[in-house]
Amino acid sequence: MSIAPEQGSNLETLPPDARLSRIDQVVVRDIAGETLLIPIRSNVAQLDSVFVLNETGKFIWENIDGTNSVHGIVTLMCDTFEVAGEEAEADVTEFVGLLASAGLVTATV
Amino acid sequence: MIPQIGYNEFSRRLHGSVFTDRTPLDVTFEITRRCPLTCLHCYNNLPMNDPARRSELTLDEYKRLFDEFAELGTLWVLFTGGEIFARPDFLEIYTEAKKRGFLITLFTNGTLINEKIADYLAEYRPFAIEITLYGHTRETYEKLTRIPGSFDRCHRGIQLLLDRGLPLTLKTVGTTITKDEIYEMRAFAENLGLDFKFDSMMNPRIDCSQSPLDVRLTPEEVVELDLKDARRMPEWDQLYGRYRAALSNPLVSETVYSCGGGIASCAVSPYGEMTICVLSQVDRFDLRNGPAREGWHHFLKEVRMLQRTQPVKCNSCEIRSMCSGCAAMSELEYGDKEVPVDFFCRTNHIRAYLLGLDLKPNPLCEYRPGSERYEEIQTSVAELRRKAEEYGHWTPPTPHGRSLPVFQTPPPQTDDFCNGFNRYAVAEG
């Protein structure tokens, strides 16, 4: 099953082992200390938006690689940052949901 | 983790950061100087079949330059001309820029836009598109462009972009030919739900011809246009206040160039020459013979840091923040970067006196109290004040009824203080 990149996609309803993929029509730019996601094609839901990521958001984005799941990224986060598992899971789930709503990631089970 | 911030705040944050670490955030690429129109006021157009086309950068050269500028930190790219669609491969160039994640603005006259181009732009949306109108009526438009049929082609292009919901702004330039139709053009744009802007600041051609000045308005006519719109004089007042603190920055007060050129922006000519801006023609770095990094970090840095060699009235001018004059304009008009252009100085002083700004005497400035042209410029100001009351859109303050605040030091503004068209103020929220 694949989640279409459309407004309102909700990954919270997916099994936590769904594999997450970035769409290929988005460019990541690191400029003046900011990490930006810039969609380049109109089949991306929010083409007129630029997404500014903080350090954690960047970490999650970089680990959405077609093989990691929400669960896998939570584990990686706990290994990398000083953060409790429950908090990390809530953050990753929320962030991945936002990315899906913006049409920037898809999930496959 | 995905902060939602307004576009203007985002832009200010990025631009603010580069004043301590020069970064070419904004790069203007003049794709070609060839154009199907022959506008009387244009500063750089060439005929469509001009042999210069053989010297224009190739697609492969653009790919290399886009890689280099992306590496340097460029985010905003402006493609301008000439007419950008005069190059048959423009969409290929554009696509390469999109792939690098630039936020792209297109300046075009719209006359070459067809369905194929419009469809492509709808799929790969630019950040902004700006089309210049050269008149509200066909007669005026084609009097300036000197090309029959160009009015209809422009309007067709506008419609094609509108049909696809593309982010379009319309604009015009105030000239002796267009001045009586400016506000009809604004109404046309606003009826279409589009933003509109105009500017009357014109300069000679980059090939040294003074011909555009034949259709340039007088400073009094430029300011009179402001008075016909309730919004424009308050906007000048805001501009004055917003960037006033920046005047004490050594990058403004002591250097020949005082804008964001060479600090946060630069331009690339159709032939691969890197300059401070599209108007600056003397100091050029050849990107065909050296990398953009070298041009930016060494050549343009030296150009931007050039210190003034003589005291000029601009050094201590407290209304410089709303002046449209600059070193590149001086270079074009007088062949000397350091000689202030009277057209801009006079226009700025008329606006300032109308706004009620309390200008101090300055022996180097002929428009200040006690100087030789003070009484004469006050005659113009009085006449314009009378016209402002007649038009009734904006009420000038009582003369000398306002003083500059002196007891507080505003926080330093490190924004881009280049005046004129603010080409990025199109997306908000």
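Residues numbered from 1 in each chain as written. Chains lettered and ligands numbered in written order. Predicted model: local features only at pLDDT ≥ 70, side-chain atom pairs only at ≥ 80, totals over all residues.

### Details of the overall build of chain A
Item 1. Each helix and strand counted, chain A has three helices and five strands in total.
Item 2. From first element to last, N terminus to C terminus, chain A shows the α and β order β-β-β-β-α-α-α-β.
Item 3. The buried share of chain A, reckoned over its 109 residues, is 32%.
Item 4. For chain A, long-range pairs separated by at least 24 residues make up 60% of all intrachain contacts whose partners lie at least 6 apart in sequence. (Helix = DSSP H or I, 4+ residues; strand = E, 2+ residues; numbered from the N terminus. Buried ≥ 20, exposed ≤ 12 C-beta atoms within 10 Å, placed from the backbone. Contact = placed C-beta atoms within 7 Å.)

### Looking at the overall build of chain B
Item 1. Counting secondary structure elements, chain B contains 14 helices and nine strands.
Item 2. Against the compact-globule benchmark of 22 Å for 429 residues, chain B has a radius of gyration of 21 Å, which places it among compact chains.
Item 3. Expressed along its principal axes, the backbone C-alpha trace of chain B runs to roughly 60 × 50 × 50 Å.
Item 4. Buried residues in chain B amount to 45% of all 429 residues.
Item 5. Counting only contacts in chain B whose residues sit at least 6 apart along the sequence, the fraction spanning at least 24 positions is 74%. (Rg over C-alpha atoms; globule rule 2.2 N^0.38 Å.)

### Observations concerning the confidence of the model for chain B
Residues and elements named next belong to chain B.
Item 1. Residues of chain B with pLDDT of at least 70 account for 91%, and the chain-wide mean is 89.
Item 2. Low pLDDT, under 50, characterises residues 401-429; the predicted model gives this stretch 58 contacts beyond four residues in sequence or across chains.
Item 3. With pTM at 0.89, the complex prediction returns an ipTM value of 0.82. (pLDDT = per-residue confidence, 0-100.)

### A word on the sheet that holds strand β2 (residues 76-80) of chain B
Hydrogen bonds between backbone groups are what pair the strands of a sheet, and the pairing can be parallel or antiparallel.
Residue and element names in this part refer to chain B.
Item 1. Here nine strands make up an open sheet; going across it, the order is β6-β5-β4-β3-β2-β1-β7-β8-β9 and the pairing mixed. Each edge of the open sheet carries a strand with a single partner, namely β6 (195-199) and β9 (285-286).
Item 2. Here strand β3 (residues 103-108) runs beside strand β4 (residues 128-133); their pairing, made up of four bridges, is parallel. Bridge assignment links T105 to a residue of β4, and that residue is A128. (Pairing = 2+ DSSP bridges.)

### A look at the packing of helix α2 (residues 70-80) of chain A against helix α3 (residues 85-101) of chain A
All names here are of chain A.
Item 1. Across the interface, α2 lies against α3 with an axial gap of 9 Å and an inter-helix angle of 130°. With respect to their mutual orientation, α2 and α3 come out oblique. For the pair α2 and α3, the crossing hand works out as right-handed. Only G85, A88, E89, V92, T93 and V96 of α3 make contact with α2, whose side of the interface consists of V70, I73, V74, M77 and C78.
Item 2. When grouped by side-chain class, the residues that make up the contact of α2 with α3 number eight nonpolar, two polar and one charged. (Axes fitted to C-alpha atoms, helices over the stretch in contact; angles between N-to-C directions. Parallel < 35°, antiparallel > 145°, perpendicular 65-115°, else oblique. Left-handed = near helix turned anticlockwise from the far one by under 90°. Nonpolar A, V, L, I, M, F, W, Y, C, P; charged D, E, K, R; others polar.)

### So, the nonpolar core
Item 1. Membership of the largest hydrophobic core comes to 106 residues, with the highest contact counts inside it found for V77, F79, I104 and A328 of chain B.
Item 2. It is helix α13 (residues 342-354) of chain B that contributes the most residues to this core, seven residues altogether.
Item 3. If sequence neighbours within four positions are ignored, I104 of chain B has contacts with V77, F79, Y94, A97, K98, P126 and F127 of chain B.
Item 4. Within the second largest apolar cluster, 24 residues are counted, among which are I40, M77, V96 and V105 of chain A. (Core = buried A, V, L, I, M, F, W, Y, C linked by C-beta atoms within 7 Å.)

### Some remarks on the interface of chain B and chain A
Item 1. Every contact between the two is made by 20 residues of chain B and, on the other side, 20 residues of chain A.
Item 2. Secondary-structure elements contributing two or more residues to the side of chain B that touches chain A are α1 (7-17), α3 (90-99) and α4 (115-123) of chain B.
Item 3. Take the side of chain B that touches chain A: its biggest share by element is three residues, from α1 of chain B.
Item 4. Tallied by class, the residues present in the side of chain B that touches chain A amount to eleven nonpolar, four polar and five charged.

### Considerations on the pairing of β2 of chain B
Residues and elements named next belong to chain B.
Item 1. Within β2, five of the five residues are buried, which leaves the element mostly enclosed by the surrounding structure.
Item 2. Side chains of β2 alternate between two faces, with W76, L78 and T80 and V77 and F79 buried alike.
Item 3. With five bridges joining them, strand β1 (residues 26-30) and β2 adopt parallel strand pairing. Counterpart to T28 in the pairing with β2 is L78.
Item 4. Between β1 and its parallel partner β2, the chain crosses via helix α2 (residues 59-72), and the hand of that crossover is right-handed.
Item 5. Taken together, the four bridges between β2 and β3 define a ladder with parallel strand orientation. Looking across to β3, one finds that V77 is bridged to I104.
Item 6. Handedness of the crossover is the feature at issue here: the chain leaves β2, passes through α3, returns alongside β3, and the resulting connection is right-handed. (Right-handed = clockwise from strand over helix to strand, strands pointing away.)

### Overview of the confidence of the model for chain A
Item 1. For chain A, the average pLDDT comes to 81, and 81% of its residues sit at 70 or higher.
Item 2. Contacts of residues 1-9 of chain A to residues separated by more than four positions or lying in other chains number 22 contacts, the stretch itself having pLDDT below 50.

### Quick look at unusual backbone geometry
Item 1. With an omega of 15°, the peptide bond running from G81 of chain B to G82 of chain B counts as cis.
Item 2. Here G82 of chain B shows up in the loop between β2 and α3.
Item 3. A positive phi angle, near 45°, is found at A32 of chain A, a position not held by glycine.
Item 4. Following the sequence through the fold, A32 of chain A ends up in the loop between β2 (26-31) and β3 (34-39).
Item 5. Given 17 C-beta atoms within a 10 Å radius, A32 of chain A is considered partly exposed.

### A short note on α3 of chain B
All names here are of chain B.
Item 1. What α3 keeps buried is the set F90, I93, Y94, A97 and K98. Here the buried residues of α3 occupy an arc of 140° about the axis, which is enough to place them on one side.
Item 2. Where α3 ends, the next residue or the one after it, G101, has phi of about 80°, a positive value. (Arc of directions from axis to C-beta.)

### Here's the deal with the sheet that holds β3 of chain A
Residues and elements named next belong to chain A.
Item 1. Read across the open sheet, the three strands follow the order β2-β3-β4; overall the sheet is antiparallel. Both edges of this open sheet fall to β2 and β4 (51-53), since each of them pairs with a single strand only. Across the sheet, the mean angle separating the axes of adjacent strands is 25° when strand polarity is ignored.
Item 2. The pairing of β3 with β4 spans three bridges and is antiparallel. From the neighbouring strand, L36 faces β4, where its bridge partner is V52.

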